[in-house]
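Structural characterization, general
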Amino acid sequence: MNLSPDLIDATVRCRRDLHRYPELSWTEYRTTAKVAATLDALGYQLHFGEDYLDLPSVMGRNIDVAVEKQRAAEQGADFAWLERMGDYSGLAATMSMARPGPVIALRFDIDALPVTESRFSAHVPYCGGFASEIEGKMHACGHDGHTAIGLSVARWVAENRERLTGEIRMIFQPGEEGCCGGKAVAKGPIITGVDYFLAMHLGINVPSGAVVVNPTGFLATTKFDMTFSGHPAHAGIEPNAGANALACASTAISQMLAIPSHRDGMTRINIGSLVSEGGRNVIPASAHLCGETRGETQALDAYMMEAVRRISQAAGAMHGLKVELTVQGEAPDCANSPELVARLRQQAEQLPGINDIVEQRPFGASEDATWMVRAVQAQGGQGVYFIMGSDLPEGHHKSGFDIDEAVLGSAVALMAAMVESLVTHSSN
Ligand SMILES: [Zn+2]
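Residues numbered from 1 in each chain as written. Predicted model: local features only at pLDDT ≥ 70, side-chain atom pairs only at ≥ 80, totals over all residues. Heavy atoms only, no water.

This brings us to the overall build of the protein chain. On a plain count of helices and strands, the protein chain comes out with 12 helices and 12 strands. Computed over C-alpha atoms, the radius of gyration of the protein chain comes to 23 Å, within 12% of the 22 Å expected from 2.2 N^0.38 for 428 residues, which places it in the range of a compact globule. Dimensions of the protein chain along its principal axes, counting C-alpha atoms only, are 80 × 50 × 40 Å. Considering the protein chain as a whole, with its 428 residues, one finds that 57% of them fall into the buried category. Put simply, 84% of the contacts in the protein chain that link residues at least 6 apart link residues at least 24 apart. About 17200 Å² of surface is accessible on the protein chain, with carbon and sulfur atoms providing 49% of the total. Averaging the coordinates of the 33 positive side-chain charges in the protein chain and doing the same for the 50 negative ones gives two points 1 Å apart. (Helix = DSSP H or I, 4+ residues; strand = E, 2+ residues; numbered from the N terminus. Rg over C-alpha atoms; globule rule 2.2 N^0.38 Å. Buried < 20%, exposed > 50% of the residue type's maximum accessible area, 1.4 Å probe, protein only. Contact = heavy atoms within 4.5 Å. Areas by Shrake-Rupley, 256 points an atom, 1.4 Å probe, with all protein chains shown as cover. Lys, Arg positive; Asp, Glu negative; His and termini not counted. Charge placed at Lys NZ, Arg CZ, Asp CG, Glu CD.)

As structure tokens, this is what we get:
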């Protein structure tokens, strides 16, 4: 698989443009407009909103569409595409080949994080003039690279259309951070009929030149918010008339963090923020917290969430106030399909630029492409999620995070080689 230098350059340029304008989950309107324009010009058929997503499965989407689209327009998004995409960011693009063959879906996540990018002179995006233009937002997980890789694979497919068979579905998924978009894609019409599914991540503490063909240990996870609604009161005159939402939240937190571990495997819980409205002499009437659970399996995560629900209700009863729990994101565990892992290994072995193929490695985090791997497997297809190594100056989600652009071309080549191998194999 030899890619033209022009395609590799285009991947880097695209990644740098996306890097300058990071967009948080479900607000990726500028990114979607850019992706749509590119894919439309390549001859893909585009699918937006409910044409690719199952809208009832959308989670954690609390945005002002008009404000975000206005912002995207000011950042250079084409107005016609902003109109055409409707309310939902992200898209799927399909291309049918002349000859019949398998349906292959490739998924790339497109969102960024609420992190302020480093302004240190050694930080390559900063000294290279393509650091985030937006204070407090940053592509600190490499999804700008993923999106650029996806567009270059799409271009390779379009340029090689005559040689290929079957159908390609390119999925540019919104809302991967917080695991809020994957379920809606997996349950949407775009996954129905898929024979082979591939997704990947850059980095994850794997060095440049290495590929992990079979990451294991994807953690099932649930992201939740909890709102405590009490009563305000004067803390001196009549404290008895109040219902202290902060006290109730504190009770719930201390108990949630003490949920016993489970004999069947690893579990995790974190409460990452607590905000309360009150004052020194005012009994706080409301409190809001954000937390998450994880487990080695869906059953273990369900065990944690069952305890979280029980504790939240019991804490409410103790303090005499109302507690509401909302799920804002979810992802299951998954296992890659062994046949597809074997094929990936074969293809990776032949690629220049890849000098280390790691069979297995624990992923140690969560990823909502697992919904898609599971959905494709459930309908008799095969799925694989792999890691394309990239040296990182700083870890994921940190302000000095950056990907090694030298690996972008290898990622495009590996994805393209997999597509070629799958259609060639199937037509034999
Ligand atoms: Zn990521």
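In summary, the side chains of a regular strand alternate between the two faces of the sheet. A large share of strand E3 (residues 99-109) lies buried, amounting to eight of its 11 residues. As defined by bridge partners, E3 adjoins strand E4 (residues 165-173) across eight bridges and the pair is classed as parallel. Pairing of Phe108 across the sheet is with Phe172, part of E4. Relative to strand E5 (residues 196-202), E3 runs parallel, the two sharing four bridges. Each bridged residue has a counterpart across the sheet, and for Ala105 the counterpart in E5 is Phe197. (Pairing = 2+ DSSP bridges.)

Here the focus is the UniProt feature "domain: Peptidase M20 dimerisation" (unreviewed entry) in the protein chain. Per the UniProt entry, the sites bearing "domain: Peptidase M20 dimerisation" (unreviewed entry) are residues 224-313 in this numbering. Counting secondary structure, residues 224-313 comes out at 31% helix and 37% strand; the distance between its end C-alpha atoms is 14 Å. (UniProt positions renumbered as here; feature names shortened; annotations may be inferred.)

Moving on to the pairing of strand E6 (residues 210-216). For E6, the buried fraction is high: six of the seven residues fall into the buried class. When E6 meets strand E12 (residues 382-388), the two strands line up antiparallel, connected through two bridges. Bridged to Val211 within E12 is Met388.

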